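# Topology and contacts: notes
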Amino acid sequence: MFSVFFYYLLSFLVDSDKQQWNAFKTEFNKSYDSIDDARRFNIFKENINNIQNHNIKFKNGEVTYEQDINRFADLTDDEFTAYYGLYNRSVPIKYYRNATINEPKSSDNSTDDFLDWRISGGITPPKDQGQCGSCYVFSAMANIEYHQFLETGQLISFSEQYVIDCFNSFYKGANNNSCGGGFPVNVFIFAYSHGIHLESNYPYVGKQNACQNISEPASNVSYSELEIVMGSDETIKEGLKQHGPLTTCFAVSADWRFYKSGVWYHDECAQASNHCVLVVGYGSENGNDYWLIKNSWGPDWGDNGYIKIARNVHENYCGFKSGLYLIDENE
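Residues numbered from 1 in each chain as written. Predicted model: local features only at pLDDT ≥ 70, side-chain atom pairs only at ≥ 80, totals over all residues. Heavy atoms only, no water.

Check the Sequence similarities (unreviewed entry) section of the UniProt entry for the protein chain; it says "Belongs to the peptidase C1 family." (UniProt positions renumbered as here; feature names shortened; annotations may be inferred.)

The following block contains the structure:
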């Protein structure tokens, strides 16, 4: 009797896994040949099992964030690294200085331990870098979009694709590798020197194409100084309050990919940054201090495209403080 019951239970579980797998493929428009489908199905089952085990810990208060199935559930950890995109094998080119930009206006969206620059109306919706290691472009461009909003009062989405296609046409050997990763500082320099196109005129395709000479750039970008913020959490908070969002790069681990809500924390993480994001605020949730991060994996990832990562943990947690870029005001 036991063996018969076990057989039916096993059949039910297999059917349930298959139903989840088919629903996943339908929702995220995935298709494979028969051999790859079997391999992806096994990866999917392992990821689902890990998510379920993690969420049991979350419900028991053992971890501080929840996970969920998303479009990355058919990928291995190694395959997922394509969604990072910081090129960290050499130093970036020099900074430009002595330009001009309006000083960020003070806002009533902050208290001593809460700030969210989304409330200002100057943060564009989260975008999706796709399978292109272009996070460094998105993190810098989101910062530029905010400062252009301050200057013009208009929320405009600029073209990341223009930088991916055209950067190396202007800067040979400058350590930006298009979809192979790069440095946010180089994007700031490029935008300052050559202007930027509207996304509507130069849309994102998620791969490098030939540089298109479609028209004059839609907007010039200027700033007095590009700085790297170093120091304590309080110093970074002050930088956020005084200058607006900060572009930074972070040591992302594979468990970022299934983040849904809560405050992400990892006991052991690397110090070598591999993914670039925009810091738009900070706060505390259920007693856990956090930095509020705009990511570039689309609005259907995480908490509507955002993640909260642990703050006040320890010095340079996961490489977070190794390079936070701010755009300074007029001198």
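Alright, that's what it looks like, and here's the rest.
What follows deals with unusual backbone geometry. The backbone of Asn304 shows a phi angle near 55°, a positive value even though the residue is not glycine. Within the secondary structure, Asn304 is located in the loop between strand 8 (288-294) and strand 9 (306-310). Overall, the relative accessible area of 56% leaves Asn304 in the exposed class. (Helix = DSSP H or I, 4+ residues; strand = E, 2+ residues; numbered from the N terminus. Buried < 20%, exposed > 50% of the residue type's maximum accessible area, 1.4 Å probe, protein only.)

Next up on the list: the state of the cysteines. With the rule as written, the count across this model stands at three disulfides. Between the sulfur atoms of Cys132 and its disulfide mate Cys179 the distance is 2.0 Å. The S-S bond linking Cys132 to Cys179 shows a torsion near -95°; that makes this disulfide left-handed. Here Cys132, found in the loop between strand 3 (114-116) and helix 4 (135-152), pairs with Cys179, found in the loop between helix 5 (160-170) and helix 6 (184-194); they are 47 residues apart in sequence, far enough to count as distant. Two residues share a disulfide in this structure: Cys249 and Cys276, whose sulfurs sit 2.2 Å from each other. (Disulfide = S-S within 2.5 Å.)

Here Asn274 shows up in the loop between strand 6 (259-264) and strand 7 (275-285). Here Asn274 falls in the buried class, since its relative accessible area comes to 19%. Within the local environment of Asn274, its side chain forms a polar contact with the backbone nitrogen of Val252, the two atoms lying 2.8 Å apart. (Polar contact = N/O pair within 3.5 Å; in protein donor to acceptor, adjacent residues only side chain to side chain.)

Looking at the largest pocket, its volume works out to about 270 Å³. When residues of the lining of the largest pocket are assigned to their parent elements, the largest contribution, six residues, is made by helix 2 (residues 34-59). Residue classes in the lining of the largest pocket are distributed as four nonpolar, six polar and four charged. (1 Å grid on protein atoms, 1.4 Å probe; cavity = no way out; pocket = protein on both sides within 12 Å on 5 of 7 lines; lining within 4 Å. Points joined across faces, edges and corners; volume = space filled by probe spheres on them. Nonpolar A, V, L, I, M, F, W, Y, C, P; charged D, E, K, R; others polar.)

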